[in-house]
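Report on the structure
These are the residues of each chain, in order.
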Amino acid sequence: MSDASDLTSTERERILAKAALFAPPPATLPDGRRDLVGLSREELEAEMVAIGEKPFRARQLWHWIYHQGETDFARMPTIAKPMQAKLAERFVVGRPEAATVQTSEDTTRKFLFRFRDGQQVETVYIPDLHEDRGAVCISTQVGCTLSCRFCHTGTQKLVRNLGAAEIVGQFMAARDSYGEWPSPKDGTPRLLSNIVVMGMGEPLYNYENTAKALRIIMDNEGIGLSRRRITLSTSGVVPMMDRCGEELNVNLAVSLHAVTDELRDEIVPLNRKYPIAELIAACRRYPGASNARRITFEYVMLRGVNDSEAEARELVRLIKGIPAKVNLIPFNPWPGSPYLTSKPDQVRRFAEIVSGAGYSSPIRRPRGRDILAACGQLKTESERAKRGKADAA
Ligand code: SAH
Ligand code: SF4
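Residues numbered from 1 in each chain as written. Chains lettered and ligands numbered in written order. Predicted model: local features only at pLDDT ≥ 70, side-chain atom pairs only at ≥ 80, totals over all residues. Heavy atoms only, no water.

**Considerations on the packing of aromatic side chains**
- Overall, the coordinates contain 5 aromatic pairs when judged by the stated rule.
- Aromatic pair Trp62 and Tyr66: ring centres 4.6 Å apart, planes at 55°, arrangement tilted. Of this pair, Trp62 and Tyr66 both sit in helix α3 (residues 56-67), 4 residues apart, which is roughly one turn of the helix. The pair Trp62 / Tyr66 is uniform in exposure class, with both members buried.
- The ring of Trp62 is capped by Arg41, whose NZ or CZ atom sits 4.8 Å from the centre of that ring.
- One Lys or Arg, Arg175, reaches over the ring of Trp181 and ends 4.8 Å from the middle of that ring. (Phe/Tyr/Trp six-rings, centres within 6.5 Å; stacked < 30°, edge-to-face > 60°. Helix = DSSP H or I, 4+ residues; strand = E, 2+ residues; numbered from the N terminus. Buried < 20%, exposed > 50% of the residue type's maximum accessible area, 1.4 Å probe, protein only. Lys NZ or Arg CZ within 6 Å of the ring centre and 35° of its normal.)

Printed below as a string of structure tokens:
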């Protein structure tokens, strides 16, 4: 192994160890019953074996939980009544509680989900305006350790990571809200057709739980969402990008936002650790980067900060040779935010330069701004409790 990859794996271990300090609480109710959502297939089998049942029960349950979306053991007719009762004594099929649900004038719907320990995150469903489909934007952390200058979530300290159950649970509860069970077997379209991991938090700083949740979501005997319908967005946690590509191979979105280290250091402080050259190299290595599976570069347009034509040309130079598209996101303001949205003409000029170089460069239409549901506007009230170990990290 080369020195460079040794360094990467040490760095990766450090990131995973830190994530463990912010682990979610155990998935057990006060009455001792365990939540089955969020267990891998193997763990679900082990739970069945532990109560003296055959492993095939796990497969049956998987179908009811993830294909049918059923939460009540009594409504699982392929399971005999005594067994249903036995399961109900020991387990639950949980959902996060929707503390509030708001629907925007443009039909975007924002959920505030509350978990068992009282912590909360926001999840947003963004319907396509032209077709019967849309994306659910899910969160992976309560708060964020990073503090990108333009992001509302970045003003909230990291409270804790979400567990796999809480990540899958956001999608399942959103589906409940639209009555979209059972999962389609034959590719029948669903309103909640895609997932973007672009809500609160940095998914690659909570890799294990995010990966476990996405594996559950992609499992063909359950929700069965294809990896092509899932996009994970990172602010550039370079050591974890390779792993994400090898193990999950979902679509990757990278929050670039600046084309010089000087500016990116300031607006995406993680850049001081993983500068632009390293980030772009990791994008070039990302598996499956082909024309059919382009990497999305996200670029928030901040007036007079990063929106000049010279910067558009530099952007094109930086990503040269990477099959990519560039999502231009007009800055979404939030209370107290320090930037202005770029002028529409400037965004258009920027887009023209990028598209002139052969990259698709859609300008993202802001959605759900009236309910603070647009990109970068999510934040919850919860504060970090005093936790000696985590604070010391
Ligand atoms: N932590 C991950 C995913 C969540 S943020 C990441 O940073 O990629 C999802 C996207 O919204 C990112 O591209 C982020 O930079 C962008 N964003 C954050 N604040 C924004 C704002 N105020 N206006 C527009 N986009 C914003
Ligand atoms: Fe965290 Fe992403 Fe917001 Fe940056 S943009 S503070 S990484 S959620």
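What follows picks up the thread again.
**Quick look at the site of ligand 1**
- Near ligand 1, the surroundings consist of 19 residues, among which Phe150, Ser233, Ser255, His257 and Asn332 are the closest.
- Measuring from a nitrogen atom of ligand 1, one finds a backbone N or O atom of Gly201 at 2.9 Å.
- Within the side chain of Ser255, one N or O atom sits 2.6 Å away from an oxygen atom of ligand 1.
- When contributions to the shell around ligand 1 are tallied by element, the ones reaching two or more residues are β10 (230-234) and β12 (295-301).
- Of the residues assigned to the shell around ligand 1, the class counts are 8 nonpolar, 9 polar and 2 charged. (Near = heavy atom within 4 Å. Polar contact = N/O pair within 3.5 Å; in protein donor to acceptor, adjacent residues only side chain to side chain. Nonpolar A, V, L, I, M, F, W, Y, C, P; charged D, E, K, R; others polar.)

**Things to note about the site of ligand 2**
- Neighbouring ligand 2 are Cys144, Leu146, Cys148, Cys151, Gly154, Gly201 and Ser235.
- Counted by class, the shell around ligand 2 contains 4 nonpolar, 3 polar and no charged residues.

**Focus on the nonpolar core**
- Counting 114 residues, the largest nonpolar core has Leu61, Phe150 and Phe297 as the members making the most contacts within it.
- Looking at this core element by element, the count peaks at 8 residues for helix α5 (residues 164-178).
- Per-domain counts for this core show at least three residues from each of domain 1 (23-92) and domain 2 (97-392). (Core = buried A, V, L, I, M, F, W, Y, C linked by side-chain atoms within 4.5 Å. Domains from an automatic or database assignment.)

**Let's talk about the pattern of salt bridges**
- Under the counting rule described, the total for this entry stands at 30 salt bridges.
- Asp176 is paired through a salt bridge with Arg95; the nearest N and O atoms lie 2.7 Å apart. Of this pair, Asp176 sits in helix α5 while Arg95 is found in the loop between β2 (91-92) and β3 (97-103), placing the two residues 81 residues apart along the sequence.
- Ionic pairing is found between Glu247 and Arg243, a salt bridge with its closest N-O pair at 2.8 Å. Residue Glu247 and its partner Arg243 are located together in helix α7 (residues 238-247), separated by 4 residues, close to a single helical turn.
- Among the ionic contacts, a cluster of salt bridges with common partners joins Arg41, Arg59, Asp219 and Glu221. (Salt bridge = Lys/Arg side-chain N within 4 Å of Asp/Glu carboxyl O.)

**Digging into the domain arrangement of the protein**
- Structurally, the protein comprises domain 1 (23-92) and domain 2 (97-392).
- Taking only C-alpha atoms, the centre of domain 1 and the centre of domain 2 are 32 Å apart.
- With 21 residues of domain 1 at the interface, the matching set in domain 2 holds 23 residues.
- Approximately 1700 Å² of surface area, both sides summed, lies buried where domain 1 meets domain 2, with 55% of it carried by carbon and sulfur atoms.
- Summed over the three residues of domain 1 that lose the most area to domain 2, namely Pro24, Tyr66 and His67, the buried surface amounts to 32% of that side.
- The closest approach of N and O atoms between Asp35 and Arg116, which form a salt bridge, is 3.0 Å.
- The tally of links from domain 1 across to domain 2 stands at 10 residue pairs in polar contact (both at pLDDT 80 or more).
- Going through the elements one at a time, α2 (41-50) and α3 are the ones with two or more residues in the side of domain 1 that touches domain 2. (Contact = heavy atoms within 4.5 Å. Buried area = accessible area lost by both parts, 1.4 Å probe.)

**Some points on the sheet that holds β12**
- The strand order β3-β4-β5-β6-β9-β10-β11-β12-β13 describes an open sheet built from 9 strands, whose pairing is mixed. Edge positions in the sheet fall to β3 and β13 (324-330), since each has one partner strand and no second. Here the average twist between neighbouring strands, direction ignored, is 20°.
- Relative to strand β6 (residues 134-137), strand β5 (residues 120-127) runs antiparallel, the two being bridged by 4 bridges. Opposite Ile126, over in β6, you have Ala135 as the bridge partner. (Pairing = 2+ DSSP bridges. Axes fitted to C-alpha atoms, helices over the stretch in contact; angles between N-to-C directions.)

**Some thoughts on the packing of helix α6 (residues 207-218) against α7**
- Where α6 meets α7, the axes come as close as 12 Å, and the angle between the chain directions of the two elements is 15°. Relative to α7, the element α6 is oriented roughly parallel. Between α6 and α7 the crossing geometry is right-handed. Along the contact surface, α6 presents Tyr207, Glu208 and Arg215, while α7 presents Met240, Arg243, Cys244 and Glu247.
- Here the contact of α6 with α7 is built from residues that sort into 3 nonpolar, no polar and 4 charged. (Parallel < 35°, antiparallel > 145°, perpendicular 65-115°, else oblique. Left-handed = near helix turned anticlockwise from the far one by under 90°.)

**Observations concerning the environment of His67**
- Looking at the secondary structure, you find His67 in helix α3.
- By relative accessible area, His67 is classed as buried at 8%.
- In sequence terms His67 and Asp219 are 152 residues apart; their C-alpha atoms lie 9.8 Å from each other.
- Leaving out residues up to four positions away in the same chain, His67 has contacts with Trp62, Trp181, Pro182, Ser183, Lys185, Glu221 and Gly222.

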